[in-house]
Amino acid sequence: MERKPPGTTSFENLTVLYEDNHLIAVHKASGLLVQADASGVPSLMDLTREYIKKKYCKPGNVFLGLVHRLDRPVEGVVLFAKTSKAASRISEQLRSRTVEKTYRALVHGKVKPPSGSLLSFLKKGEKKVLLVEEGAPEAKKAYLSYRTLRPVEAKTLLEIRLHTGRKHQIRAQLAGLGHPVEGDLKYGAPYALSGGQIRLLALSLAFKHPTRDERITIEAPPPDWAQ
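Just so we're clear, the structure is a prediction, and the values are computed from it rather than from any experiment. All residue numbers refer to position in the chain's written sequence, counted from 1. Given that the model is predicted, a residue must reach a pLDDT of at least 70 before its local features are reported, and side-chain atom pairs must reach 80 or more before they are shown or counted; all residues, however, enter totals for whole chains, interfaces and linings. Water and hydrogen atoms play no part in the side-chain values, which are based on all heavy atoms of the structure.

Visitor: How would you explain unusual backbone geometry if you had to name every residue and give the values?
Guide: With an omega of -5°, the peptide bond running from Lys-112 to Pro-113 counts as cis. For helices the rule is a DSSP run of H or I covering at least 4 residues; for strands it is a run of E covering at least 2, with both sets numbered from the N terminus onward. By secondary structure assignment, the location of Pro-113 is in the loop between strand E5 (100–108) and strand E6 (115–124). In the Ramachandran plot, Cys-57 falls in the positive-phi region, its phi being about 50° despite a non-glycine side chain. For Cys-57, the position within the fold is in the loop between helix H1 (44–55) and strand E3 (65–66). Each residue is placed in one exposure class: buried if its accessible area under a 1.4 Å probe, protein chains only, is under 20% of its type's maximum, exposed if it is over 50%, and partly exposed if it falls in between. By relative accessible area, which is 65% here, Cys-57 ends up exposed. Positive phi is not limited to glycine here, since Glu-153 has a value of about 55°. Checked against the element boundaries, Glu-153 lands in the loop between strand E8 (140–152) and strand E9 (155–162).

What follows is the structure, given as structure tokens:
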């Protein structure tokens, strides 16, 4: 599948991965904000609203519920709710941790053991998330599991399951293990990649549909580095 360039700012180039009356899942390019900030740069939410508005000829404001986020340099699946009922029910699944989140990351070094789990305690620092001791003020528990898919020269391609959803969790925990994500200067990678991107992909989300007794999985087409 053809990849969309990072920073795409036209709704015509939006890659829709799934859509029905209650939900829409789209592919977020690296470098694109999920939600607009004070900079005024177009966001994924803006583009998705414009897509819905044009496709269905909707006048006025379009409801779009933000239920989760990805960091700006991360690419992959982002799910939005098209109704308040869907937003509430998906948000509850996220809080109760019944949504399965799978990522792929290309990290520096050879990861040993090749599979396992990481339990850490994270705290927001001034510029990045810090690993701290259990019981430290404002510390939050962070848990993930990983498995090696293949070695890539002096790096390792990992598949990761998130069991908690902390800010910068994967980036901070893998850096703490001594294996920063490629391109992630903030967390110790030795060099940057073009456009500020990092080799971290939100590959898939699996969850119960908010209005049907059906569990669905939405997956982003992996770029070459993540295959």
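Visitor: Let's hear about the pairing of strand E4 (residues 75–81): which residues, and what values?
Guide: Within E4, seven of the seven residues are buried, which leaves it mostly tucked inside the rest of the structure. When DSSP finds two or more bridges between a pair of strands, those strands are recorded as paired. Examined bridge by bridge, strand E2 (residues 23–28) and E4 share six bridges and lie antiparallel to one another. Counterpart to Lys-28 in the pairing with E4 is Gly-76. By the bridge criterion, two bridges tie E3 to E4 in an arrangement that is antiparallel.

Visitor: Describe the layout of surface pockets, naming the residues involved and giving the relevant values.
Guide: The rule is simple: put a 1 Å grid over the protein atoms alone, call a set of points where a 1.4 Å probe fits but cannot get out a cavity, call an open set with protein on both sides within 12 Å along at least five of seven lines a pocket, and count a residue as lining if it has an atom within 4 Å of a point. Grid points are joined across faces, edges and corners, and a volume is the space filled by probe spheres set on the points. In this structure, the largest pocket occupies an estimated 1200 Å³ of space. Lining the largest pocket are 43 residues, and of these Arg-69, Lys-101, Gly-165, Arg-166 and Lys-167 sit closest to its centre. Going through the elements one at a time, helix H2 (84–95), E5, E6, E9, helix H3 (169–176) and strand E10 (200–208) are the ones with two or more residues in the lining of the largest pocket. For the lining of the largest pocket, the class distribution of residues is 17 nonpolar, eleven polar and 15 charged. Only Asp, Glu, Lys and Arg are considered charged, only Ala, Val, Leu, Ile, Met, Phe, Trp, Tyr, Cys and Pro nonpolar, and every remaining residue, Gly among them, polar.

Visitor: Describe in detail the side chain of Asp-184, supporting the description with residues and values.
Guide: For Asp-184, the position within the fold is in the loop between H3 and E10. Overall, the relative accessible area of 2% leaves Asp-184 in the buried class.

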